[in-house]
Amino acid sequence: MCPSLRLLNQTRNGRFTFCNNSKLFQIIFNNLCFEFFEWELDSFKSYLEQLDKSSDHQLLYEINDGRNVPISVGNKYFVILVSPEELNELLYLVSKVPLEPRFLKAKEINYKILEN
């Protein structure tokens, strides 16, 4: 890991870091990677906070796995779909609350147990 990279927050599906060299915040969430300057991060966070998680007007994005909250990323042809739980996790991830180290609970570990 780069010595100038500092871990700010971490969840089961993501990691929020800051690089002192490039002055960029980086969010790695599931298979997505976002890089923001501070003003872009603030804008992204306020955009996430204003999203309506329980609205019925999102029936256009209704799919089987429950990911029906659209996050627009600037191009009208590219929309990221997340579930309401993933949106809450993403909001928690970008909150600037200082991270205190903690142990993961057993159900937070994404590992398939094979019993022989």
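Structure first, text after, so check above.
The rules behind these values
Residues numbered from 1 in each chain as written. Predicted model: local features only at pLDDT ≥ 70, side-chain atom pairs only at ≥ 80, totals over all residues. Heavy atoms only, no water. Pairing = 2+ DSSP bridges. Helix = DSSP H or I, 4+ residues; strand = E, 2+ residues; numbered from the N terminus. Axes fitted to C-alpha atoms, helices over the stretch in contact; angles between N-to-C directions. Contact = heavy atoms within 4.5 Å. Buried < 20%, exposed > 50% of the residue type's maximum accessible area, 1.4 Å probe, protein only. Left-handed = near helix turned anticlockwise from the far one by under 90°. Nonpolar A, V, L, I, M, F, W, Y, C, P; charged D, E, K, R; others polar.

**Q** Mind laying out the sheet that holds strand E2 (residues 14–19), listing which residues take part and the relevant values?
**A** With antiparallel pairing, the 4 strands of this open sheet are ordered in space as E1-E2-E3-E4. Edge positions in the sheet fall to strand E1 (5–10) and strand E4 (32–36), since each of these pairs with one other strand and no more. Each strand of the sheet is rotated relative to its neighbour by a mean of 20°, with strand direction disregarded. Summarising the sheet, E1 and E2 pair through 5 bridges and their orientation is antiparallel. Pairing of leucine 5 across the sheet is with cysteine 19, part of E2. Against the sheet, helix H1 (residues 38–50) touches E2, strand E3 (24–29) and E4, its axis set at about 125° to E4.

**Q** Could you give me a rundown of the environment of serine 95, with the residues and numbers involved?
**A** Within the secondary structure layout, serine 95 lies in the segment after helix H2 (84–94). Take serine 95: its relative accessible area is 14%, and that puts it in the buried class. If near-sequence neighbours (up to four positions away) are discounted, serine 95 is found in contact with Asn9 and Lys45.

**Q** Lay out the environment of phenylalanine 16 with the relevant residues and their values.
**A** Of note, phenylalanine 16 is situated in strand E2. With 18 residues separating them along the chain, phenylalanine 16 and phenylalanine 34 place their C-alpha atoms 9.6 Å apart. With residues near it in sequence (within four places) discarded, phenylalanine 16 still touches Arg6, Leu7, Leu8, Asn9, Phe25, Gln26, Ile27, Leu41, Leu93 and Val94.

**Q** Explain the packing of H1 against H2 to me, using residue names and the numbers behind them.
**A** The N-to-C vectors of H1 and H2 enclose an angle of 150°; their axes lie 10 Å apart at closest approach. Remark: the crossing between H1 and H2 carries left-handed chirality. Facing H1, whose interface residues are Leu41, Phe44, Lys45, Leu48 and Glu49, H2 presents Leu87, Leu90, Leu91 and Val94. Each residue belonging to the contact of H1 with H2 can be placed in one class, and the counts come to 7 nonpolar, no polar and 2 charged.

**Q** A description of the pairing of strand E5 (residues 69–72) should follow, citing residues and the corresponding values.
**A** In terms of strand pairing, E5 meets strand E6 (residues 79–82) through 4 bridges, oriented antiparallel. Note that in E6 the partner of isoleucine 71 across the bridge is isoleucine 80. The hairpin formed by E5 and E6 contains 6 residues between the paired strands, and glycine 74 there has a positive phi angle of roughly 105°.

**Q** Tell me about the pairing of E4, and please be specific about residues and values.
**A** Where E3 meets E4, 5 bridges bridge the pair, whose relative direction is antiparallel. Pairing of isoleucine 28 across the sheet is with cysteine 33, part of E4. Two successive antiparallel strands, E3 and E4, enclose a turn made up of 2 residues, where asparagine 30 displays a positive phi of approximately 55°.

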